[in-house]
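One letter stands for each residue in the lines below.
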Amino acid sequence: MTGQPARPRVYLDHNATAPLRPEARAAAGAAMDLACNPSSVHAEGRRARALVEEARSRVASLVGAAPAGVVFTSGATEAAAFALTPDLGGDGRRGFGRLLVCATDHAAVLHGHRFQRDAVTVLPVLPDGLLDRDALGDALAAGGPALVAVQAANNETGVIQPVREIAATVRSAGGMLVCDAVQAAGRIDCRDFGADVLLLSGHKLGGLAGAGAAVAATPDVVWGAAMLRGGGQERGRRAGTENVAAIAAFGAAAAASAPGPAVGALRDRFEAALLALAPDAEIFGRGAPRLPNTSAFAVPGVVAERLLMALDLDGVAVSSGSACASGKVAGSHVLDAMKVKTDFTSGAIRVSFGWDSVAADVDRIVHVLGTALHRMRRGRLRAAA
Ligand code: PLP
């Protein structure tokens, strides 16, 4: 023991899970103290119901929807499973024989859920990560009305899709658009997307894991059959006693999340420093609009897993490729879809800032990254000698 106090760790992995916001912690604590079933008619039950309804209004207002349009689920994966069904309908439309998904969407959407596998078509993206809208147009024209799912912003690269334009194309072809707004919510304004359904997740906003929502964002959405049936909660759309603490935290996090310029300034500073350290680094999706908090990059010759471990040992938490449930680093279907060369994909690192990030975090990661890259380059030179 040297007696030196341990340096606090720097957490730059908000796209995986954002740290709990104090407002969300307080809201969850209050709900846990209540420990009550919102379906109970006594005063305690009514108080729990009030917390759920307050959260519903807060989540709705984050995305400019009506509170009645919010269906609480256990997270965005369940919200996708609820919304991606052939019997979703609205505005006179009912029943979709096929689902079109974007190749860079999250696995929670790519799965297709209640559509048969052979009814799911994967649409390509351009090298900058933006949906190939010619391919969308061709696919829409090639069959009957389709349900389309395109994410608002990518979890790995931060690339933002032109949701408004995509929604207009889909609607004019008689389809409906489900938009995974998990990473976009609270980071960019999602109130005017024009998508029919939005998918949200509490823990990406600084709430708790265990609450998410499918939100009807246009007044004419008619939900498909419930997956969980029983007690009739969520107006029969999702049975099961509500996770009041997680829902209250979700509402509080939604209310506290306001897109602002501060995070973007940190990310830009980080990228300028990265390019000064490694001018040959590739920043993925740089040519497209991106979330202000996300930077995904690779340095030629540097293996992501090694860099990730070096940063971790020096107290900085970031992500590499897409971490799968086992915690192992898997290849990235997003970078593959963008046709990124394999020498870059094997080095992909994602840095994602958020509500608690400060300038000192940028200084720390730049310092640690500089040291790690220097060591790795020296190692390579020695190996070559
Ligand atoms: N969609 C995107 C873009 C995500 O990043 C994630 C989580 O990583 C999900 C969906 C799944 O969300 P949840 O963890 O709430 O099921």
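So, here's what we can say about the structure. (Residues numbered from 1 in each chain as written. Predicted model: local features only at pLDDT ≥ 70, side-chain atom pairs only at ≥ 80, totals over all residues. Heavy atoms only, no water.)

We now examine the sheet that holds strand 12 (residues 282–283). Strand order across the open sheet formed by four strands is 12-13-18-15, with antiparallel pairing between neighbours. The open sheet has two edge strands, strand 12 and strand 15 (319–320), and neither has a second partner. Across two bridges, strand 15 lies against strand 18 (residues 349–352) in antiparallel orientation. The residue bridging Ser 319 from the neighbouring strand is Arg 350, located in strand 18. Along the sheet, helix 8 (residues 261–277) contacts strand 12, strand 13 (294–298) and strand 18; its crossing angle with strand 13, the most-contacted strand, is approximately 15 degrees. (Pairing = 2+ DSSP bridges. Helix = DSSP H or I, 4+ residues; strand = E, 2+ residues; numbered from the N terminus. Contact = heavy atoms within 4.5 Å. Axes fitted to C-alpha atoms, helices over the stretch in contact; angles between N-to-C directions.)

Moving on, we come to the site of the ligand. Surrounding the ligand, one finds Gly 75, Ala 76, Thr 77, His 106, Asn 155, Asp 180, Val 182, Gln 183, Ser 201, His 203 and Lys 204. Between a nitrogen atom of the ligand and a side-chain N or O atom of Asp 180, the distance comes to 2.6 Å. One of the side-chain nitrogen or oxygen atoms of His 203 is found 2.9 Å away from an oxygen atom of the ligand. In isolation the ligand offers 390 Å² of accessible surface; the protein chains occlude 85% of this area. (Near = heavy atom within 4 Å. Polar contact = N/O pair within 3.5 Å; in protein donor to acceptor, adjacent residues only side chain to side chain. Areas by Shrake-Rupley, 256 points an atom, 1.4 Å probe, with all protein chains shown as cover.)

This next bit is on the sheet that holds strand 9 (residues 197–201). One open sheet accounts for seven strands, arranged 2-10-9-8-7-5-6; its pairing is mixed. Bordering the open sheet on either side are strand 2 (70–73) and strand 6 (120–123), each of which pairs with just one other strand. For this sheet the average axis-to-axis angle between neighbouring strands, irrespective of direction, equals 20 degrees. Note: strand 7 (residues 146–149) against strand 8 (residues 176–180), three bridges, orientation parallel. Directly across from Val 148, in strand 8, lies its bridge partner Leu 177.

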